[in-house]
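Structural description and commentary
Residue-level listing of the chains:
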Amino acid sequence: NDDDDNDNESATKPRKRKRIYGPKKKRDSDDHHRRSSSSDNNNNNNMGPSRNPTGAGGNGTLAVCLSSRRNMCINERVLKESDRETIDAACRSMTAPWALERAAKRRGGRDPTNTMQEQPSTSSSQQQSFGESCRYFDGFRAAGEATSMPSGVYDLEELKKWGKDKNWCPYYLTRQAINHASVLVFNYQYMLDPKVAKMVSKELESESIIVFDEAHNIDSVCIEAFSVTLQSRHLEQATRSLGRLSGEINRVKASDGARLQAEYRTLVSGLVDRGLLDSNPSEGAGELASNVLAPDVIEEAVPGNIRRAEHFVAFLRKVVEHLKARLRTVAGPTGGVTSETPLAFLHRMITTTSLEAKPLKFAHSRLSSLLRTLQVPNLDDFNALCDVADFASLVATYSEGLPRFAIIMEPTIAGGPNPGIQLACLDSSLAIAPLFKRFGSVVITSGTLSPLDLYPKLLQFEPCILESFNMSTFRPCIHPLVITRGSDQLPVSTKFQDRGDMGVVRNYGTMMVELCRTIPDGIVAFFTSYSYMESIISEWDGMGIMRQLTKTKLVFIETKDVVETTLA
């Protein structure tokens, strides 16, 4: 029977598994797309739709990459903005459900009540775009089920070209294509950072193959995803944001009180915190998601003392004032660098402010709910306040058991003049453990993943396969050099107490100049931190060392900005 044969063949045929590549940078994403194109389509140099007419749901392979709105937007009005924050705000003001509803009302001749969109902090072009919708997003929504992409390999440029041709938004088109694409390429922070992972990777199948490329610093990425740093200027911004929230709450009460009442009823039912506000992605779920993992939050109704919007604002104001008081103590004449466990810090906060620990766990998700209810277009104006709420939620959630965090308070933090407080994550497995639990195949690879047996210990997993491949070169090209003394025989060290020694700075610079004159190839200079590197380079510039270096070598300086470093 032919039908039976076909059924048996389809049953024994292995299912094609989705592959997710996590490079660190945008340029790496393009390289991964070319490699996946070569292996899947034998179409190594051709980007865009495949010549094979089969669609994404057929036998063809669909490979896409996902990036931020700034890199994928094709709306001319939004692209006039200068930085990521204003681009995100302009995009959100055109695509959020409440923005679409308001635009429809205005097109119908009605003038609904303006809310926080008319704040003076927004740029003029943003104000012009408010009340209008994005034609590419409208085209994407109008197409509905027809927005599937044909098989092929799409980098960012091809996605934007395809979006323009179809009059569809490439950002939201790619977000939708994640569910049926065979190969996905995006920054591996999209998998590790809970703020983004709940929006991007929550619907990936457990059979997917996850590949972390260039993963030699994956433990640092995991730690940074759960760490929060607050400076005194951030707390001042949080105070201003609270004042702005209070004014907006009063305005909404007078014009549309039913909105706040509806939110209150939702909070009573406890649905907001189940899954940490798993709402419509178009409302900015990634920007408002919390670092607290869903299993670590008690699944119950939000505590009664923070359900009312005005009560919650007063609650957050107490938290901000307590953090300010702690920083004033650290920056005072009797202050200094101090470190506490989350349990000790939480106990002191509760004793001083009379707050309860349980509401603190819900601080971030409650703030997210409030910002959505108030229909705030520019969420970046509230970044400092969100960081405070995230800080409070993490401290309250992970205060018990073995310390997985440390709270460090310093008179000057991150090389700046302001005192600061840092919630430092000590357990890198906290971010990656959900991936090991959810996905059966996770590959961690890098050319510099050494020592190899250290990473399973750091990330607390048992590897199924641990393999190292030898690198072959046509000549010895890597020669590490460690120095302990300069040409004048004075000690050279990067110990913290010696970092201000001008003899160390001069000797290191002089040695670099001499090596650059002698060695024809490239030289990599190591510094223990970004702040130390910046201070050394500043001193070298004053001594004329940088001018001598540029006579023999082209100098590249690594920065924390991934895009800037990639372009360099």
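Residues numbered from 1 in each chain as written. Predicted model: local features only at pLDDT ≥ 70, side-chain atom pairs only at ≥ 80, totals over all residues. Heavy atoms only, no water.

**Structural notes on the overall build of the protein chain**
The number of helices and strands found in the protein chain is 26 helices and 11 strands. Put simply, the protein chain has 568 residues, and 46% of those count as buried. When the accessible area of the protein chain is evaluated, it comes to approximately 29,000 Å², of which 50% is carbon and sulfur surface. (Helix = DSSP H or I, 4+ residues; strand = E, 2+ residues; numbered from the N terminus. Buried < 20%, exposed > 50% of the residue type's maximum accessible area, 1.4 Å probe, protein only. Areas by Shrake-Rupley, 256 points an atom, 1.4 Å probe, with all protein chains shown as cover.)

**Describing helix α5 (residues 84–95)**
Residues spaced three or four apart along an α-helix point in a common direction, a consequence of the helix completing one turn every 3.6 residues. Along its 12 residues, α5 runs 16 Å from first to last C-alpha, staying within 8% of the 16 Å computed at 1.5 Å per residue. Taken together, the buried positions of α5 are occupied by Thr 86, Ile 87, Asp 88, Ala 89, Ala 90, Cys 91, Arg 92, Ser 93, Met 94 and Thr 95. (Expected span 1.5 Å × (residues − 1).)

**Focus: the sheet that holds strand β10 (residues 420–425)**
Taken in spatial order, the four strands of this open sheet run β7-β10-β9-β8, and their pairing is antiparallel. One side of each edge strand has no neighbouring strand; the edge strands of this open sheet are β7 (228–231) and β8 (338–340). In this sheet, neighbouring strand axes are inclined to one another by 15° on average, regardless of whether the strands run parallel or antiparallel. As paired elements, strand β9 (residues 405–410) and β10 share six bridges and run antiparallel to each other. In the sheet register, Ala 406 faces β10, and the bridge partner there is Ala 424. (Pairing = 2+ DSSP bridges. Axes fitted to C-alpha atoms, helices over the stretch in contact; angles between N-to-C directions.)

**Some thoughts on the pattern of salt bridges**
Tallying each qualifying case throughout the model produces 11 salt bridges. Ionic contacts of the salt-bridge type, sharing partners, join the residues Glu 236, Glu 321 and Lys 324 into one network. (Salt bridge = Lys/Arg side-chain N within 4 Å of Asp/Glu carboxyl O.)

**Details of the confidence of the model for the protein chain**
Fine structural detail should not be taken from predicted coordinates in areas where pLDDT scores are low. Overall, the prediction assigns the protein chain a mean pLDDT of 78, with 77% of residues at 70 or greater. Taking the mean pLDDT of every element in the protein chain, the minimum, 40, falls on helix α7 (residues 124–129) and the maximum, 94, on helix α17 (residues 342–353). Confidence over residues 109–131 falls short of pLDDT 50; this stretch has 48 contacts with residues more than four positions distant or in other chains. (pLDDT = per-residue confidence, 0-100. Contact = heavy atoms within 4.5 Å.)

**What to know about the pairing of β9**
Residues in a regular strand point their side chains to alternate faces of the sheet. In the sheet, β8 pairs with β9 via three bridges, with the strands oriented antiparallel. Bridging from a neighbouring strand, Glu 340 pairs with Ile 407 of β9.

**Description of the packing of helix α23 (residues 502–518) against helix α24 (residues 530–543)**
In the contact formed by α23 and α24, the axes pass within 10 Å of each other and the chain directions differ by 75°. Relative to α24, α23 is oriented roughly perpendicular. Residues Met 502, Val 504, Val 505, Arg 506, Tyr 508, Gly 509 and Met 512 of α23 touch α24, and the partners they reach there are Tyr 532, Ile 536, Glu 539, Trp 540 and Met 543. By residue class, the composition of the contact of α23 with α24 is nine nonpolar, one polar and two charged. (Parallel < 35°, antiparallel > 145°, perpendicular 65-115°, else oblique. Nonpolar A, V, L, I, M, F, W, Y, C, P; charged D, E, K, R; others polar.)

**A closer look at the environment of Leu 79**
Looking at the element boundaries, Leu 79 is found in helix α4 (residues 76–79). Look at Leu 79 and you get partly exposed, because its relative accessible area is 41%. Sequence separation between Leu 79 and Ala 90 is 11 residues; the distance between their C-alpha atoms is 9.1 Å. The contacts of Leu 79, once residues within four sequence positions are left out, are Cys 73 and Ile 74.

**Description of unusual backbone geometry**
Cis geometry is found at the peptide bond from Ser 450 to Pro 451, where omega equals -5°. Note on placement: Pro 451 falls in the loop between β11 (441–444) and α22 (454–459). A positive phi angle, near 55°, is found at Gln 460, a position not held by glycine. Mapping Gln 460 onto the fold places it in the loop between α22 and α23.

**Re helix α10 (residues 170–177)**
With seven of eight residues buried, α10 lies mostly within the body of the structure. Those residues of α10 not exposed but buried are Pro 170, Tyr 171, Tyr 172, Leu 173, Thr 174, Arg 175 and Ala 177. Check the buried side of α10 and you find it contacts β3 (62–65), α3 (69–72), α5, α8 (135–143), α9 (156–166) and α12 (194–200).

**As for the pairing of β3**
Both faces of β3 are covered, namely the face carrying Leu 62 and Val 64 and the face carrying Ala 63 and Cys 65. Of the pairings in the sheet, the one linking β3 to strand β4 (residues 152–154) comprises three bridges and is parallel in character. When the bridges of β4 are listed, Val 64 appears paired with Tyr 154. Across three bridges, β3 lies against strand β5 (residues 183–185) in parallel orientation. If you follow Ala 63 over to β5, its bridge partner there is Val 183.

**Looking at the packing of aromatic side chains**
Within a pair of aromatic rings, the relevant descriptors are the distance that separates the centres and the angle that separates the planes. Per the counting criterion, the structure on display carries 14 aromatic pairs. On the numbers, 5.7 Å between centres and 50° between planes, the contact of Tyr 508 with Phe 527 is tilted. Residue Tyr 508 is located in helix α23, and its partner Phe 527 is located in the loop between α23 and α24; the two are separated by 19 residues in the primary sequence. This pair shows no difference in class: Tyr 508 is buried, exactly as Phe 527 is. Following the ring pairs from residue to residue traces out a cluster consisting of Phe 137, Phe 140, Tyr 171 and Tyr 172. One residue, Lys 166, lies across the ring of Trp 168, its end atom 5.9 Å from the ring centre. One Lys or Arg, Arg 366, reaches over the ring of Phe 312 and ends 5.4 Å from the middle of that ring. (Phe/Tyr/Trp six-rings, centres within 6.5 Å; stacked < 30°, edge-to-face > 60°. Lys NZ or Arg CZ within 6 Å of the ring centre and 35° of its normal.)

**Some thoughts on the nonpolar core**
Formed by 113 residues in total, the largest nonpolar core has its most connected members in Phe 212, Leu 323 and Phe 391. It is helix α16 (residues 309–331) that provides the largest number of residues to this core, a total of 10 residues. In this structure, Phe 212 is in contact with Gly 22, Tyr 188, Met 191, Leu 192, Ile 218, Ile 432, Leu 435, Val 442, Val 443, Ile 444 and Thr 445, ignoring residues within four places of it in sequence. Listed in part, the 17 residues of the second largest apolar core include Tyr 508, Met 511, Cys 516 and Trp 540. (Core = buried A, V, L, I, M, F, W, Y, C linked by side-chain atoms within 4.5 Å.)

**Points about the state of the cysteines**
Counted under the stated rule, the structure contains zero disulfides. Lacking any disulfide linkage, Cys 73 is separated from the closest cysteine sulfur, that of Cys 91, by 6.0 Å. Here Cys 169 is not disulfide-linked; the sulfur of Cys 134 is the nearest cysteine sulfur, at 5.9 Å. (Disulfide = S-S within 2.5 Å.)

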